[in-house]
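# Geometric and topological summary
This is what each chain is made of:
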2 protein chains.
Amino acid sequence: MPKITIAQNILAANDTIAQEVQQSLATHGIRTINVMSSPGAGKTTLLERTIARLRGEMAIGVIEGDIETSADAERIETAGAETVQINTRGACHLEAHMIRAALKELDIAHINLLFIENIGNLVCPSEWDLGEDLRAVVVSTTEGDDKPAKYPQMFAVSQVMIVNKLDLLPYVDYDVEKVKRQALAINPQLRIFQVSCRTGEGLDAWCEWLVTFANGKS
Amino acid sequence: MPKITIAQNILAANDTIAQEVQQSLATHGIRTINVMSSPGAGKTTLLERTIARLRGEMAIGVIEGDIETSADAERIETAGAETVQINTRGACHLEAHMIRAALKELDIAHINLLFIENIGNLVCPSEWDLGEDLRAVVVSTTEGDDKPAKYPQMFAVSQVMIVNKLDLLPYVDYDVEKVKRQALAINPQLRIFQVSCRTGEGLDAWCEWLVTFANGKS
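Note that the structure is predicted; figures quoted are calculated from it, not measured.

## Quick word on the overall build of chain A
Within chain A one finds eight helices and seven strands. Expected size for 218 residues packed as a compact globule is a radius of gyration near 17 Å; at 17 Å, chain A falls within 12% of this value. Relative to its 218 residues, chain A shows a buried fraction of 48%. When contacts within chain A are restricted to residue pairs at least 6 apart in sequence, long-range pairs at least 24 apart make up 75% of them.

## Regarding unusual backbone geometry
Residue and element names in this part refer to chain A. Despite not being glycine, Thr69 shows a phi value in the positive range, around 75 degrees. Structurally, Thr69 is set in the loop between β2 (60-66) and α3 (71-79). Looking at Thr69, the number of C-beta atoms within 10 Å reads 15, which means it is partly exposed. One non-glycine residue, Arg89, lies in positive phi territory at about 50 degrees. By the secondary structure assignment, Arg89 is in the loop between β3 (82-87) and α4 (96-103).

## Overview of the nonpolar core
Buried together is how nonpolar side chains tend to be arranged in soluble globular proteins. Ile99 of chain A together with Ile99 of chain B are the most contacted members of the largest nonpolar core, which totals 111 residues. Excluding anything up to four places from it in sequence, Ile99 of chain B contacts Val21, Ile63, Leu94, Ile116, Leu130 and Gly131 of chain B.

## A short note on the packing of helix α2 (residues 43-54) of chain A against helix α8 (residues 203-214) of chain A
Residues and elements named next belong to chain A. Closest axis-to-axis distance for the α2/α8 pair is 10 Å, and the angle between their directions is 65 degrees. As judged from the angle between their axes, α2 and α8 are roughly perpendicular. Between α2 and α8 the crossing geometry is right-handed. In contact with Arg49, Thr50, Arg53 and Leu54 of α2, α8 contributes Leu203, Cys207 and Leu210.

## Looking at the relation of the copies chain B and chain A
Between chain B and chain A, which share one sequence, the superposing operator has a rotation angle of 180 degrees and an axial displacement of 0.0 Å; the RMSD is 0.0 Å. What the rotation and shift describe, once combined, is the action of a two-fold rotation axis. Here 100% of the interface residues in chain B have copies in chain A that are interface residues too; the copies meet face to matching face.

## Here's the deal with the interface of chain B and chain A
The interface of chain B with chain A comprises 32 residues on the first partner and 32 residues on the second. Listed by contribution, the elements that provide at least two residues to the side of chain B that touches chain A are α1 (2-27), α5 (147-150) and α6 (152-157) of chain B. If you tally residues by element for the side of chain B that touches chain A, the top one is α1 of chain B, at four residues. Taken together, the residues of the side of chain B that touches chain A sort by class into 16 nonpolar, nine polar and seven charged.

## Concerning α8 of chain A
Under the 1.5 Å per step criterion, the end-to-end length of α8 of chain A is 16 Å for twelve residues, consistent within 8% with the ideal 16 Å. Immediately beyond the C-terminal end of α8 of chain A, within one or two residues, lies Gly216 of chain A, with a positive phi of roughly 80 degrees.

## A word on the sheet that holds strand β4 (residues 113-117) of chain B
Residues and elements named next belong to chain B. Taken in spatial order, the seven strands of this open sheet run β3-β2-β4-β1-β5-β6-β7, and their pairing is parallel. Whereas interior strands pair on both sides, the edge strands pair on one side only; in this sheet they are β3 (82-87) and β7 (191-194). For this sheet, the mean angle separating the axes of adjacent strands, direction not counted, is 20 degrees. Here five bridges tie strand β5 (residues 134-140) to strand β6 (residues 160-164), and the two strands are oriented parallel to one another. Within β6, the position partnered with Ala136 by the bridge is Val160.

The rules we used
Residues numbered from 1 in each chain as written. Chains lettered and ligands numbered in written order. Predicted model: local features only at pLDDT ≥ 70, side-chain atom pairs only at ≥ 80, totals over all residues. Helix = DSSP H or I, 4+ residues; strand = E, 2+ residues; numbered from the N terminus. Rg over C-alpha atoms; globule rule 2.2 N^0.38 Å. Buried ≥ 20, exposed ≤ 12 C-beta atoms within 10 Å, placed from the backbone. Contact = placed C-beta atoms within 7 Å. Core = buried A, V, L, I, M, F, W, Y, C linked by C-beta atoms within 7 Å. Axes fitted to C-alpha atoms, helices over the stretch in contact; angles between N-to-C directions. Parallel < 35°, antiparallel > 145°, perpendicular 65-115°, else oblique. Left-handed = near helix turned anticlockwise from the far one by under 90°. Least-squares fit on C-alpha atoms with pLDDT ≥ 70 in both. Nonpolar A, V, L, I, M, F, W, Y, C, P; charged D, E, K, R; others polar. Expected span 1.5 Å × (residues − 1). Pairing = 2+ DSSP bridges.

Laid out in structure tokens, this is it:
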């Protein structure tokens, strides 16, 4: 079974680099969150709103992963965070060696909190350790309330789930409690936030928790 | 570069099986559409509505791809199409050998039009030929109007793009014309439909075209 052996070797090599990344981040006192979701669930908008709220309190850096374009990195930089763009040119997930390279472009001596915005994909990024402290999956009220059951691995490896686009609940068939039940059945330790990046609902609680996380207290 | 060589061999082996699948489908006079999108863009609902409208006119079969669960296959069967569920158990896309196996479970002598609902993933399924006649990508108005530029490969390999969730346009920032421009810049031959599976808007035009497609006329 050469295919499986090689896949395992690639993942093992990734994990080695991820450990190196994690040590480097820990040495600099940087806390790191790998943000994952389907395309269009609102990762970039969540980061824009978060940075706008927290920029006075801490220095935030963002490694922005996209298959193509630098549009998201430009949005994040405008919001006030130091940003490095990774273009994977077709690849469906970020890998640890990409993070190691991106960190050389960031002024890591001055960053407290680092977000890694992964490729929009609810499957493949869940398999790749990037050296992060925490993984957050963003789901949205417009993408159907069956996603944890249908894409369980992503919810199993995450420590935080953010349910976004609460403002659209009146116009869609989406049962937030069902999603929470499904997600918690897969991962009972999951910390859940419910937000609308459009109206700002729920962002206070998310940002308050981020401050304690960045200070190493959660 | 052993990694790349083996990846190419796997894709070449897939293409060989895809040709076999295509010949088998052609022999039985079945026209086949591979439906792809992000998670939650509305593939299953589109198929439900389409089957409900066309079931009197033709026999429709569906191969339903999911990582886990058979919920979608149950929805499709209730709508009136013969359905086979593929659970990929973690894999992020369908491959031709899965379709070959699934066809053995379908009564292909009596099917005119076959849909293959791929895994919800705007990246990986674009690389895998399944022996289909046509690829359709579904995007929705809630997932941001930058998706063709950010995930170009999916739009390059598709012949049809369906913009779904038109009913939510009043509540989101989404420029349909921008999406069409981006998609057509990547693939000028793309045939575009705009629908709301919730209200039924645009489904007449889509189903009329499907009838001509199933009859081999487009």
